[in-house]
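Observations on chain architecture
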Amino acid sequence: MAELIQTKSAEHNSAAGKISVPLITIIISYILCVFMFSFFGNFERIFHSDSYLDYQVGDVVKEDIYSDIDLFLIDEAATERKKNLAESLAFPVFKIYDNITRDVLTSFDTFESELKLFLETDPADITDFHFTSGLDEALDRETLIEFLQLEELPLVLETTDNIVQTLMNRGIAYNEDKNLIPPSGIVEVWRESGDKFDKTFLKYNQIPRLDSLSEYIFNELNGQDLDQTMIQASIVFSQYFIRENCFPDEFQTRLNKDLAASKVKPVEIYLGKGEKILEKGLVVTPEIESRLQAIRTAKGSGSSLVFFSPIIFAAFLFAFAAIYFKVFSPEKTGNFQIGIIIYSSLVLIVLVSYMIILFAGTPGDLAPGIYIPVALFSMLVTLLTNKKTGLIFQLIQSLALYYISGFNLEYLVLPLVYGITASLVIEGAARRLDMIRAGLIQGGAQAFFFVLFLMINDPGLYRALWGSSIVFVNGFISSILALGLLPVLEHWLRTSTKFRLIELSDSNAPVLKNMLAKAPGTYIHSMNVANLAEMACQEIGANTLLARVGGLYHDIGKVDQSEYFIENQTDVNKHDDMKPSLSAAVLKAHVKIGIEKGHDLNLPNDVIDIIAQHHATSTMKYFYDRAMKEKGNTKVNRDDFSYSGPNPQTREAAIVMLADTIEAATRTLKKPSLAKLEKYVWELIMDKFICGELNDCSLTFKDMEFVKDSFVHVLAGHFHTRIEYPDDQKNKEKENSNE
């Protein structure tokens, strides 16, 4: 009896192992994928060393060198010349400083005020007047006195004031080196306006300068009603007070030049595949070395993008699949296994595809991608998982092929179409012969899409005939290879494919025949559970075949100890002479024994999960109540009388659990009416729901309604000789009254 009881520690270690192995496999697949993307992306650099790139100035070329790929090189010298030209054409920045303008205007106002005050107080002897501005020291005294004695002096002062204000506000340019000014002669002028600058564009010769100020003022005043002496006086006064206030800003000018240079596009040189790069005997010059450096750069030498792109691209593909599992695949069980299938298939398709691209020769100059067995991997992934996962794999597979082909659109579009077609044609295959038919359809579809793609891009009868023939054979052979590989992969990966489940559902299977011989009651019970589960799954769109097989095999752990289970007992119940705790341990052990047998029989993991989950964490109430009566409430641990679980993780496992419970419970009903049967079944389902045993699966209340109706429909057939329908009861009462 002790052999039937396993410890919690062993169970925990087993669970940890189930998680760690898939995780390690996925990590290894990712590393391999990154390595292959990196390896294949630089394959020619690895096996064909570009030693000519190491030539230095003065070296003699030892042999003719031809380009092995199409390259677009950057002409650094020409690009630098374009940048220099752009910088020379950039607009220099000049700033007008208001503080200088204010100082000039204040100085002139002071001069004007002093002069007016003197003339008002003592105009008789103007020769005694002295200016705080120092104007009388800067000019000839006699000339100054002549100007001050002008009868129209107020008009001259007013005119000069206007001239000074106008010119200072417009800006007086600093006499800078002419090299600062671009060929266009246009400069960018910034004028202070509060805490910011207003920007305008002007011709540099439109900005007044000190060296041409007298000419500028003369032209401004010549048309006014002033004589030459008055004009000359205004020019003298203005020239004295006006100062430069428009200066070049080296920092902003440098920014303008840098911005102009940054907008220059590099000068590209096309170097076609097969074009001669170096000629034997040639001495390497600085210009040649510059071109070799450009080739080195174009081929990705030392490029961080080249280094990181395989890591990033592989991470994107793996993350895409992981998000799909997390968000779009609600069932928790099997995700690791699906991940292993997808990631391992991705590694294999990348490896096989690149070998084909690298080494395969094709007729009619066709792309070697026509040999890639896209349909083979698509069919296998779809059969080993499901159609939805198969379609997701097609997208990941196509993106990977697109990457390793150097972003050739043909390797994205055609593999995607071929893969989707393969997933669709293989979906309904239930027999091995269906695979042959699917291969013919797949081959025909591939030929059709290939010709269609060729007509759009590169029509040609010869290419179309050869290519369509090759892709047809490719599609057909892919189905044959899938047929041969599937049984091996089914057993190796323990996946629940339709073919494997059909084989297991055969009543002549050795394990079922052994169950019938050793535990006939359990066999009948399992057949009933399988029928109930299959019909219920059909109602809610779940996997009917998986549910049937799960129902048939859920109690295989009872076979070797069949006499301890009520359905196999006749007159003697062995539990009458056993302690409740020991009886509970014996019953609990059949789950663990069933799991071990499932592994020995190499059953699919989904079926083994159903075996493990078909009792969830329910309590064996009969033995628990007996123990409570014998020992009292405080001395009995409920966990000792409860199954260790886990709760069902999928709809199929949940339905098998419900079918197992309801099939056993309804055996106790005596002449149930249809209404009583329906109520009883619903109470049993709700009991499981209230206990939380349905929390971990995606079964909805609507699903539960359909499941209940399906169970009642099937069970009504079991009780057909004992069910009294309401109308039949009324008729019977009538007959009795008539008698």
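Not measured: the values here are computed from a predicted model.

Let's shift gears to the overall build of the protein chain. Looking only at helices and strands, the protein chain has 29 helices and 8 strands in total. Look at the contacts in the protein chain between residues 6 or more apart in sequence, and 76% of them connect residues 24 or more apart. For the protein chain, the accessible area works out to roughly 38,600 Å², and carbon and sulfur atoms hold 57% of it.

With that settled, the discussion passes to the UniProt feature "transmembrane region" (unreviewed entry) in the protein chain. Under the present numbering, the feature "transmembrane region" (unreviewed entry) in UniProt falls on residues 21–41, 305–328, 340–360, 366–384, 436–456 and 468–489. Secondary structure content for residues 436–456 is 100% helix and 0% strand, while the C-alpha to C-alpha distance between its ends is 31 Å. Across residues 468–489 one finds 100% helix and 0% strand; the C-alpha atoms that close the span lie 30 Å apart.

Within the element layout of this structure, Glu-490 appears in helix α18 (residues 461–493). Relative accessible area serves as the criterion here: at 2%, Glu-490 is assigned to the buried category. What Glu-490 contacts, discounting residues up to four positions off in sequence, is Leu-384, Arg-432, Thr-495, Thr-497, Phe-499 and Arg-500.

Time to look at the packing of helix α27 (residues 674–690) against helix α28 (residues 701–718). Packing of α27 against α28 brings their axes to within 10 Å, and their N-to-C directions diverge by 140°. In terms of their interaxial angle, α27 and α28 are classed as oblique. Note on packing geometry: the crossing formed by α27 with α28 is right-handed. On α28, the residues that touch Leu-674, Leu-677, Glu-678, Val-681, Trp-682, Ile-685, Met-686 and Phe-689 of α27 are Phe-701, Met-704, Glu-705, Val-707, Lys-708, Asp-709, Phe-711, Val-712, Leu-715 and Ala-716. Partitioned by chemical class, the residues of the contact of α27 with α28 number 14 nonpolar, no polar and 4 charged.

For the structure on display, the rule yields 12 aromatic pairs. For the pair Phe-108 and Phe-241, a centre-to-centre distance of 5.3 Å together with 85° between the ring planes defines the contact as edge-to-face. With Phe-108 in helix α4 (residues 98–121) and Phe-241 in helix α9 (residues 228–241), the pair connects residues that are 133 residues apart, well separated along the chain. Take Phe-108 and Phe-241: they sit in the same class, and that class is buried. In this structure, Arg-638 packs its charged tip against the face of Tyr-624, placed 4.9 Å from the ring centre. In this arrangement the basic side chain of Lys-708 is found over the ring face of Trp-682, its NZ or CZ atom lying 5.9 Å from the centre.

All right, on to the packing of helix α14 (residues 374–384) against helix α16 (residues 410–426) then. Two numbers describe how α14 lies on α16: the axes approach to 8 Å, and their chain directions differ by 40°. Here α16 runs oblique to α14, going by the angle between their axes. Of the two possible hands of crossing, α14 and α16 adopt the one that is right-handed. Where α14 approaches α16, its residues Val-374, Ala-375, Ser-378, Met-379, Thr-382 and Leu-383 are matched on the opposing element by Pro-415, Tyr-418, Gly-419, Ala-422, Ser-423 and Ile-426. Considering only residue class, the contact of α14 with α16 consists of 8 nonpolar, 4 polar and no charged.

Here we come to the pairing of strand β4 (residues 186–193). Note: strand β3 (residues 93–96) against β4, 4 bridges, orientation parallel. Residue pairing across strands places Lys-95 opposite Trp-190, the latter belonging to β4. Counting the residues that bridge the hairpin from β4 to strand β5 (residues 196–203) gives 2 residues, and of these Gly-194 lies at a positive phi of roughly 70°.

Right, let's talk about the sheet that holds β3 for a bit. An order of β5-β4-β3-β6 is seen for the 4 strands of this open sheet, with the pairing classed as mixed. Looking along the sheet, the strands with just one partner apiece sit at the ends: β5 and β6 (246–248). Each strand axis lies, on average, 30° off the axis of its neighbour in the sheet, ignoring direction.

It is worth spelling out the side chain of Ser-479 at this point. You can see Ser-479 is positioned in helix α18. From its side chain, Ser-479 meets the backbone oxygen of Phe-476 in a polar contact 2.6 Å long. Once residues within four sequence positions are removed from consideration, Ser-479 is found in contact with Met-379, Met-435 and Gly-439.

A surface patch of negative charge is lined by Glu-151, Glu-152, Asp-225 and Asp-227. Checked against the element boundaries, Asp-225 lands in the loop between α8 (213–221) and α9. Residue Asp-225 is classed as exposed on the basis of its relative accessible area, which comes to 75%.

Once that is clear, we can look at the nonpolar core. The biggest cluster of nonpolar side chains holds 53 residues, and the ones touching the most others in it are Tyr-553 and Phe-711. Elements with a minimum of two residues in this core: α19 (498–504), α20 (510–518), α21 (520–540), α22 (544–553), α24 (605–613), α26 (651–665), α27 and α28. In terms of residue count, α26 provides more of this core than any other element does, 9 residues in total. For Phe-711, the residues in contact, after removing those within four places along its chain, are Leu-532, Ala-533, Ala-536, Ile-655, Leu-658, Ala-659, Ile-662 and Val-681. Counting residues in each nonpolar core, the second largest holds 48 residues, with Phe-377, Phe-393, Ala-429 and Ala-438 among its members.

Analysis parameters
Per chain, the residues get numbers from 1 upward, laid out in the order the sequence is written. Owing to the predicted nature of the model, reporting of local features is limited to residues with pLDDT of at least 70; listing and counting of side-chain atom pairs is limited to 80 or more, with chain, interface and lining totals taken over all residues. With hydrogens and water stripped out, all remaining heavy atoms of the structure feed into the side-chain values. Note on conventions: DSSP H or I runs of at least 4 residues are helices, E runs of at least 2 residues are strands, and numbering of each starts at the N terminus. Pairs of residues are marked as contacts when any of their non-hydrogen atoms sit within 4.5 Å. Surface exposure here means Shrake-Rupley accessible area, sampled with a 1.4 Å probe, where a residue is shielded only by the protein chains that are shown. UniProt positions are given in the numbering used here, feature names are shortened, and annotations may be inferred rather than shown by experiment. Per-residue accessibility, obtained with a 1.4 Å probe over protein chains only, is compared with the maximum for each type, and a residue is labelled buried under 20%, exposed over 50%, and partly exposed between these values. A fitted line through C-alpha atoms serves as each axis, taken over the contacting stretch for helices, and the angle formed by two N-to-C directions is quoted from 0 to 180°. Convention used here: angles under 35 degrees read as roughly parallel, angles over 145 as roughly antiparallel, angles from 65 to 115 as roughly perpendicular, and any remaining angle as oblique. Note: crossing handedness is left-handed where the near helix turns anticlockwise from the far helix by less than a right angle, and right-handed where it turns clockwise. Any residue that is not Ala, Val, Leu, Ile, Met, Phe, Trp, Tyr, Cys, Pro, Asp, Glu, Lys or Arg is counted as polar, Gly included; the first ten are nonpolar and the last four charged. For Phe, Tyr and Trp, where Trp contributes only its six-membered ring, two rings pair if their centres lie within 6.5 Å, and the inter-plane angle classes them as stacked under 30 degrees, edge-to-face over 60, or tilted in between. Think of it as a cone above the ring: NZ of Lys or CZ of Arg counts as a charge over the ring if it is within 6 Å of the ring centre and within 35 degrees of the ring normal. For two strands to be treated as a pair, DSSP must find no fewer than two bridges joining them. Distance and chemistry together define a polar contact, namely a pair of N or O atoms within 3.5 Å, with one atom able to donate a hydrogen and the other to accept it when in protein, and with adjacent residues in sequence counting only for side-chain atoms on both sides. Patches were defined on residues exceeding 30% relative accessible area and lacking a salt bridge, with like-charge contacts within 9 Å and nonpolar side-chain contacts (Val, Leu, Ile, Met, Phe, Trp, Tyr) within 5 Å. In the sections that follow, a salt bridge refers to a side-chain nitrogen of Lys or Arg positioned within 4 Å of a carboxyl oxygen of Asp or Glu. Residues scored as positive are Lys and Arg, those scored as negative are Asp and Glu, and His as well as the terminal groups of each chain are ignored. Charged groups are reduced to one reference atom each: NZ for lysine, CZ for arginine, CG for aspartic acid, CD for glutamic acid. Only buried residues count toward a nonpolar core, which is a set of Ala, Val, Leu, Ile, Met, Phe, Trp, Tyr and Cys residues joined through side-chain atoms within 4.5 Å.

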